[in-house]
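# Structural characterization, general
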Amino acid sequence: MAGVFSYESSEVDWCEDNYKHSENVVEYFNTMSSFIFFVISPIMLYLLHPYAKERNLAVHLVWIMMVFVGIFSLYFHMTLSFMGQMLDELSILWVLAICYSLWFPRRHFPSFVKDRRTFSRMVLIITVISTLSSFVKPTANAYALNCFAIHILYSLFMELRSCTDERVLRLAWASTGLWVLAISCWISDRFGCSFWQKLNFCYLHGIWHILIVVATAYATTLVAYMDASLEIPYSLPDLQYWPQNKWAIGLPYIVLKGSTKTWKRC
Ligand SMILES: CCCCCCCC/C=C\CCCCCCCC(=O)N[C@@H](CO)[C@H](O)/C=C/CCCCCCCCCCCCC
Ligand SMILES: [Ca+2]
Ligand SMILES: [Zn+2]
């Protein structure tokens, strides 16, 4: 049992040289780049709060869980232990499960699913089964997780086919572009390591951490905005960027320009 916590007990080893900068930290840059989760998550919790308050406070679970993904990612790269690998991957699986439960469009529910509560229960059962199956062939987990991104992209494409709103389309392209950059770094670190070692540049997995967190911020705001337009249209959701809306770069978030439920009752 103690073996699963021991340094380098995972079968996965990223391109960055081990113990290059510290004898206690296996992959120094990959470990340090995990701090990006602790920077972006509180900002997103703050920016999404007006939408979460109006729609459902459970929305905050996404970025609370992202803090845990950051903690486990840091622990994994610091030790390359089997336990670190499983915690890192399983926390991502549960973030995905929360996103699907909250935001998967109702009209694409399977015919036997009547409402979101039943859909969330179905997602919960599938996630528990997937959690148990992840121990069968742990080296396949990361590939399975990346397949969800393909499904998210496909669902977004289907949803946005008829969309003409410039700001929404721009956010969708930005999220997709960031994800393409991120996954290129992940794949290149995995399969092109000897090339990057010759160039003495083995930091692509750390760069993936930074890009995927920003891609997640973009994608979660995009799906939350589409959800708000459908489920709470009276609140007149709009897209803005933090810290400076004029530049239309930075972190996207939702402002509610209309009345809230409470006001409506008065
Ligand atoms: C209707 C659903 C809407 C979903 C919106 C977006 C949901 C984002 C969900 C998860 C966040 C992923 C956080 C990634 C953390 C990375 C930690 C890490 O680097 N782990 C590696 C080991 O250190 C491990 O090898 C990585 C495994 C692959 C993870 C795949 C994550 C899929 C991310 C999906 C992002 C979607 C972006 C879509 C853009 C249009
Ligand atoms: Ca390494
Ligand atoms: Zn990582």
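Quick summary incoming for the structure in this document. (Residues numbered from 1 in each chain as written. Chains lettered and ligands numbered in written order. Predicted model: local features only at pLDDT ≥ 70, side-chain atom pairs only at ≥ 80, totals over all residues. Heavy atoms only, no water.)

### A short note on the site of ligand 1
As a reminder, the rule being used: Throughout this document, a residue counts as near a molecule or strand when at least one of its heavy atoms sits within 4 Å of that molecule or strand. Here a polar contact is taken to be a pair of N or O atoms separated by no more than 3.5 Å, where protein atoms must pair a possible hydrogen donor with a possible acceptor and residues adjacent in sequence count only if both atoms sit in side chains. Per-residue and other accessible areas follow the Shrake-Rupley method at a 1.4 Å probe size, with only the shown protein chains counted as cover for residues. Working definition: helices are DSSP H or I runs of at least four residues, strands are E runs of at least two. Numbering for both runs from the N terminus. Gly is placed with the polar residues, together with every amino acid not listed as nonpolar (Ala, Val, Leu, Ile, Met, Phe, Trp, Tyr, Cys and Pro) or charged (Asp, Glu, Lys and Arg).
Residues in contact with ligand 1 amount to 26 residues; listed here are only the nearest, H77, D88, H205, W208 and H209. H205 places a side-chain nitrogen or oxygen 3.2 Å from an oxygen atom of ligand 1. Within the complex, 98% of the 940 Å² of free accessible area of ligand 1 lies under protein. For the shell around ligand 1, the secondary structure elements donating two or more residues are helix 4 (60–79), helix 5 (82–103), helix 7 (141–160), helix 8 (166–191) and helix 10 (204–231). Considering every element that reaches the shell around ligand 1, the biggest residue donor is helix 7, with seven residues. Among the residues making up the shell around ligand 1, the classes are represented as 19 nonpolar, six polar and one charged.

### Considerations on helix 2 (residues 36–47)
Keep this limit in mind: One fewer than the residue count of a helix, multiplied by 1.5 Å, yields its expected span. Whether two residues touch is decided by their heavy atoms; if any such pair falls within 4.5 Å, the residues are in contact.
With 12 residues, helix 2 extends 17 Å from end C-alpha to end C-alpha; this agrees with the ideal 16 Å at 1.5 Å per step. On its buried face, helix 2 is in contact with helix 1 (28–33), helix 3 (49–55), helix 4, helix 10, strand 1 (237–242) and strand 2 (251–256).

### Comments concerning the coordination of the calcium ion (ligand 2)
How we decide: Only nitrogen, oxygen and sulfur atoms qualify as donors, and only when within 2.8 Å of the metal (3.2 Å in the case of Na, K and Ca); with water excluded, sites may look incomplete. With a 1.4 Å probe rolled over the protein chains alone, any residue whose accessible area is under 20% of its type maximum counts as buried; one over 50% counts as exposed, and the rest are partly exposed.
Listed as protein donors to the calcium ion (ligand 2) are D13 (OD), W14 (O), E16 (O), N18 (OD1) and E27 (OE); their distances from the metal cover 2.2 to 2.4 Å. For the calcium ion (ligand 2), all donor residues lie on one chain, and their spacing in sequence is D-W-x1-E-x1-N-x8-E. Within this pair, whereas D13 is found in the segment before helix 1, its partner E27 is found in the segment before helix 1, the two being separated by 14 residues in sequence. On the basis of relative accessibility, which here comes to 36%, the residue D13 falls in the partly exposed class.

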